[in-house]
Protein chains: 6
Amino acid sequence: MIFLTRHEHFNAAHKLYNPGWSEEKNIEVFGKCANANWHGHNYNLIVTIKGEVNEDTGFLMDAKKLSAILSEHVCEKIDHKNLNLDVDFMFGKLASTENLALAIWEQILPHLPYNVKLHCVKLYETPSICVEYFGN
Amino acid sequence: MIFLTRHEHFNAAHKLYNPGWSEEKNIEVFGKCANANWHGHNYNLIVTIKGEVNEDTGFLMDAKKLSAILSEHVCEKIDHKNLNLDVDFMFGKLASTENLALAIWEQILPHLPYNVKLHCVKLYETPSICVEYFGN
Amino acid sequence: MIFLTRHEHFNAAHKLYNPGWSEEKNIEVFGKCANANWHGHNYNLIVTIKGEVNEDTGFLMDAKKLSAILSEHVCEKIDHKNLNLDVDFMFGKLASTENLALAIWEQILPHLPYNVKLHCVKLYETPSICVEYFGN
Amino acid sequence: MIFLTRHEHFNAAHKLYNPGWSEEKNIEVFGKCANANWHGHNYNLIVTIKGEVNEDTGFLMDAKKLSAILSEHVCEKIDHKNLNLDVDFMFGKLASTENLALAIWEQILPHLPYNVKLHCVKLYETPSICVEYFGN
Amino acid sequence: MIFLTRHEHFNAAHKLYNPGWSEEKNIEVFGKCANANWHGHNYNLIVTIKGEVNEDTGFLMDAKKLSAILSEHVCEKIDHKNLNLDVDFMFGKLASTENLALAIWEQILPHLPYNVKLHCVKLYETPSICVEYFGN
Amino acid sequence: MIFLTRHEHFNAAHKLYNPGWSEEKNIEVFGKCANANWHGHNYNLIVTIKGEVNEDTGFLMDAKKLSAILSEHVCEKIDHKNLNLDVDFMFGKLASTENLALAIWEQILPHLPYNVKLHCVKLYETPSICVEYFGN
């Protein structure tokens with residue numbers, strides 16, 4: 001069993017806002033992250049897969065193919081977008097880093113080849129804050 | 001003459017959009033940076049001042065005081081904000097990294113002590129793109 | 001189960017010195033790290049907690065609150081200090097990165113909210129050396 | 001149980017090439033990584049060991065001694081070398097990051113002191129691609 | 001006058017070797033950098049241009065267009081290549097970082113738009129060594 | 001004219017303290033940097049030289065030789081030391097980053113070969129604060 005990790009990045013706007021709460025409650029809980037006119041981040045996405053090394057290629061999986069899957073199913077849908085308004089797989093969800101990491105896991109999972117397993121989605125919102133999800 | 005540099009960072013939303021142009025022209029010129037619902041970045045701000053070392057302190061300037069000036073006059077006005085909508089010193093300007101660096105220079109300049117000179121405002125929009133302004 | 005990580009940093013002086021040993025033995029074992037007049041580091045502290053995402057906030061825990069706990073119970077007690085002389089929770093301990101990581105774990109543990117678990121304390125002494133502790 | 005990690009780096013040339021395949025098949029599978037005249041990388045090697053802290057030293061292991069083992073048994077054999085042609089422990093293997101991480105694990109394992117266990121060999125080929133191996 | 005910088009990267013093999021010298025002299029001068037079977041690096045290329053901000057776009061130059069020029073005239077010719085054998089604009093030159101930076105300057109210069117000036121080519125061979133060229 | 005830069009690092013303890021002032025005045029001016037029992041940093045030293053490329057080597061100067069000069073005349077005298085107590089070329093000087101950069105310039109200058117000029121000493125005290133000195 002070996003683990004392969006690929007780093008990608010995207011830039012997006014968002015705000016943290018619970019529509020079931022008043023404006024005051026949102027500001028109390030989320031502070032400046034609830035700014036009505038949005039703010040944004042350069043997100044770093046770090047995805048790890050695991051499995052056996054293929055003897056013919058020396059690869060668990062071609063890192064370029066992993067990158068292509070991440071680009072098609074995550075980055076192209078999310079880069080230079082508004083996470084609250086523009087991204088179908090985030091509709092109806094609070095645009096926290098936690099929820100975004102969980103949603104990215106679901107986006108990637110169906111598109112990996114049969115011989116690899118998704119191990120971890122790690123998502124940096126800023127260089128000081130990141131979230132990791134390893135599945136259930 | 002010695003140079004002292006301080007790094008700060010802020011997160012903001014923006015879009016690149018010339019209101020004198022059609023939607024089509026904006027998308028043609030700015031591509032996904034013109035996304036109507038905004039996108040955003042973790043900006044890194046790197047400010048350099050210059051002058052003589054004070055013999056009593058060994059400092060050109062206390063880096064904490066430089067940081068406090070940058071926080072008060074730049075970061076607090078811009079962090080977790082929308083550069084096009086929320087920031088008074090960007091009103092009426094295209095929210096490019098170039099224009100933002102120029103505007104930050106003007107924000108900082110009046111607040112430095114008399115014995116130091118502002119040398120450079122360097123602004124990273126992403127880890128791959130930065131702008132520097134050294135004044136006229 | 002999701003994991004949230006927060007990065008903090010502090011600067012401190014220390015030396016590696018076993019008071020039960022002779023000066024010669026200390027220098028033999030610890031080399032220049034035993035320098036009588038101390039040396040120091042910019043430490044990077046990376047703390048990971050785990051638990052379930054709160055549906056109302058989308059958070060495992062507000063990263064700012066985690067940061068506040070780390071500041072109050074670790075960084076404010078240790079930043080710009082001497083690990084051997086100034087830090088109560090290191091008294092009587094060898095000021096190694098290993099022991100410091102263990103002590104930081106104990107400092108943080110009682111202050112986390114009931115719904116999150118401390119997962120890992122990771123401590124970089126230099127960009128090339130780090131220690132991780134995951135509890136017993 | 002505590003974990004200690006040491007970062008090392010080396011520069012090497014390689015190509016990805018399966019000698020049992022035609023030139024066309026190699027280029028089809030490995031793309032520009034199969035370039036006949038080689039290409040190269042600044043590899044970052046990150047090795048983690050685990051065990052108990054020694055009470056007399058506060059160390060799991062002296063990080064300088066870990067570094068010396070990595071230098072002698074890995075970096076000196078591989079730095080400024082061609083992974084396909086010059087490195088005895090890679091002979092007959094495809095010079096992928098996966099295979100290199102596995103081979104480095106085998107190189108390190110016999111040389112660690114009895115009281116520590118090798119936990120992970122992590123190898124960055126570029127800042128965007130890394131492999132981890134935790135043993136069988 | 002404002003300065004815009006774009007970071008790119010490429011991976012290449014090379015050796016330092018003066019064909020007018022004996023093998024012994026090459027090894028004496030270049031040490032392990034003269035390894036007959038090559039070694040390689042992840043190079044970081046950092047190019048700075050200067051000029052006036054365009055009022056309609058807020059840009060000195062679209063950073064994506066600068067990136068496209070760097071890709072077409074530098075990175076595509078050099079990435080995953082052997083600097084001594086595969087790169088036409090390095091033929092007959094010692095493949096040092098200094099010479100490569102100078103050659104990259106010449107590659108870029110004819111392709112910039114009339115309203116910007118090339119200011120600096122900065123080239124990192126490793127994270128600890130870089131070269132800068134500002135033209136004559 | 002080409003510029004070559006080499007990165008080095010060292011770890012040291014220091015405090016900011018003007019012996020001509022009272023304890024109170026020192027704390028008022030230097031804050032926690034005046035902590036009586038010292039604190040410390042991982043300093044990054046970045047030295048740039050300039051001159052002409054040698055045609056036979058393709059080098060301005062062998063970066064390893066530059067590194068050896070920096071090690072012998074700076075890092076070995078300062079690494080794992082107390083800047084106020086242990087370093088001869090800092091005796092009688094306030095141990096600020098500014099003064100340290102100036103003193104390092106003087107340490108390096110006499111040891112460079114005749115054909116290169118010292119261009120810049122850049123010194124990071126933390127990842128957020130650096131000083132540059134370009135000589136008189």
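Presented here is an overview of the structure given in this document. (Residues numbered from 1 in each chain as written. Chains lettered and ligands numbered in written order. Predicted model: local features only at pLDDT ≥ 70, side-chain atom pairs only at ≥ 80, totals over all residues. Heavy atoms only, no water.)

As a further point, take the overall build of chain A. When helices and strands are counted, chain A shows three helices and five strands. Across chain A, helices and strands are ordered from the amino to the carboxyl terminus as β-α-β-α-β-α-β-β. Summarising its shape, the C-alpha atoms of chain A cover approximately 60 × 25 × 25 Å along the three principal directions. Looking at the 136 residues of chain A, the share that counts as buried comes to 60%. The long-range fraction of contacts in chain A, counting pairs at least 24 apart against all pairs at least 6 apart in sequence, stands at 65%. (Helix = DSSP H or I, 4+ residues; strand = E, 2+ residues; numbered from the N terminus. Buried < 20%, exposed > 50% of the residue type's maximum accessible area, 1.4 Å probe, protein only. Contact = heavy atoms within 4.5 Å.)

Tallying the contact residues gives 20 residues for chain D and 19 residues for chain A. Summed over both sides, the interface between chain D and chain A buries roughly 1,500 Å², with carbon and sulfur atoms accounting for 58% of that surface. Ranking the residues of chain D by area buried against chain A places Glu98(D), Ser128(D) and Glu132(D) at the top, with a combined share of 30%. For the pair chain D and chain A, the interface holds zero salt bridges. The interface formed by chain D and chain A contains six residue pairs in polar contact (both at pLDDT 80 or more). When residues of the side of chain D that touches chain A are traced back to their parent elements, those giving at least two are α1 (23–30), α3 (97–108) and β5 (129–133) of chain D. Residue contributions to the side of chain D that touches chain A peak at five residues, all from β5(D). (Buried area = accessible area lost by both parts, 1.4 Å probe. Salt bridge = Lys/Arg side-chain N within 4 Å of Asp/Glu carboxyl O. Polar contact = N/O pair within 3.5 Å; in protein donor to acceptor, adjacent residues only side chain to side chain.)

Let's shift gears to the arrangement of the chains. The two units chain B and chain C are non-contacting; their minimal C-alpha-C-alpha distance is 14 Å. Regarding chain B and chain D, which are not in contact, the minimum distance between any of their C-alpha atoms is 13 Å.

The operation relating chain D to chain A is a screw motion whose rotation component is 120 degrees, with 0.0 Å of axial translation and a residual RMSD of 0.0 Å. The transformation just described matches what one would write down for a three-fold rotation axis. Looking at the rotation axis and the C-alpha trace of chain D, the residue lying nearest is Pro127(D), at 8.8 Å. (Least-squares fit on C-alpha atoms with pLDDT ≥ 70 in both.)

Before going further, it helps to examine the pairing of strand β5 (residues 129–133) of chain F. All names here are of chain F. Across the five residues that make up β5, a large majority, five, are buried. Side chains Ile 129, Val 131 and Tyr 133 of β5 all project onto a buried face; the interleaved residues Cys 130 and Glu 132 project onto the opposite face, where all are buried too. Taking the residues between adjacent antiparallel strands as the criterion, strand β4 (residues 116–126) and β5 are bridged by two residues. (Pairing = 2+ DSSP bridges.)

The next point concerns the relation of the copies chain B and chain A. Structural alignment of chain B on chain A gives an RMSD of 0.0 Å, achieved by rotating through 180 degrees and translating 0.0 Å along the axis. Expressed as an axis order, the relation between the two copies is that of a two-fold axis. Taken together, the interface assignments show that 100% of the residues at the interface of chain B recur at the interface of chain A, consistent with an identical surface on both copies.

Before going further, it helps to spend a moment on the interface of chain B and chain A. Note: interface size is frequently given as the accessible area lost on complex formation between the parts. Counting from both sides, the interface comprises 21 residues of chain B and, opposite them, 21 residues of chain A. Note on chain B versus chain A: buried area summed over both sides is about 1,600 Å², and carbon and sulfur give 49% of it. For chain B, the biggest contributors to the area lost against chain A are Asn37(B), Asn42(B) and His80(B); these three give 35% of the whole. Scanning the region where chain B abuts chain A turns up two salt bridges. In this structure, Asp79(A) engages Lys32(B) in a salt bridge whose closest nitrogen and oxygen atoms are separated by 2.5 Å. The tally of links between chain B and chain A comes to 17 residue pairs in polar contact (both at pLDDT 80 or more). Only β1 (2–14), β2 (39–51), β3 (81–82) and β4 (116–126) of chain B provide two or more residues apiece to the side of chain B that touches chain A. With four residues, the top contributor of residues to the side of chain B that touches chain A is β2(B). The residue makeup of the side of chain B that touches chain A, split by class, is six nonpolar, 10 polar and five charged. (Nonpolar A, V, L, I, M, F, W, Y, C, P; charged D, E, K, R; others polar.)

Moving on: the packing of helix α2 (residues 63–78) of chain F against helix α3 (residues 97–108) of chain F. All names here are of chain F. It is at 9 Å that the axes of α2 and α3 come closest, and there the two elements cross at 140 degrees. In this view, α2 runs oblique relative to α3, as classed from their interaxial angle. Crossing handedness for the pair α2 and α3: right-handed. Counted together, Leu 70, His 73, Val 74, Lys 77 and Ile 78 of α2 and Leu 100, Ile 104, Gln 107 and Ile 108 of α3 form the full contact between these two elements. Tallied by class, the residues present in the contact of α2 with α3 amount to six nonpolar, two polar and one charged. (Axes fitted to C-alpha atoms, helices over the stretch in contact; angles between N-to-C directions. Parallel < 35°, antiparallel > 145°, perpendicular 65-115°, else oblique. Left-handed = near helix turned anticlockwise from the far one by under 90°.)

Another aspect to go through is the packing of aromatic side chains. Within the structure shown, the criterion is met by 30 aromatic pairs over all chains. Their ring planes at 75 degrees and their centres at 5.1 Å tell us that Trp105(C) and Tyr133(C) sit as a pair that is edge-to-face. With Trp105(C) in helix α3 (residues 97–108) and Tyr133(C) in strand β5 (residues 129–133), this pair connects stretches of sequence that are 28 residues apart. Side by side, Trp105(C) and Tyr133(C) carry an identical accessibility label, which is buried. Among the aromatic residues, ring-to-ring pairing joins Trp21(A), Phe30(A) and Phe59(C) into one connected group. Cation over ring: Lys15(D) sits above Tyr17(D), and NZ or CZ is 4.8 Å from the ring centre. (Phe/Tyr/Trp six-rings, centres within 6.5 Å; stacked < 30°, edge-to-face > 60°. Lys NZ or Arg CZ within 6 Å of the ring centre and 35° of its normal.)

On to helix α2 (residues 63–78) of chain D, then. Remark: the principal bend of α2(D), roughly 50 degrees, maps to Ser71(D). Buried residues of α2(D): Ala63(D), Leu66(D), Ser67(D), Ile69(D), Leu70(D), His73(D), Val74(D), Cys75(D) and Ile78(D), and no others. Each element contacted by the buried residues of α2(D) is listed here: β5 of chain C together with β1 (2–14), β2 (39–51), β3 (81–82) and α3 of chain D. Sitting at the amino-terminal end of α2(D) is Asp62(D), which places a side-chain oxygen 2.9 Å from the backbone nitrogen of Lys64(D). (Bend = angle between axes of the 7 residues up to and from the residue.)

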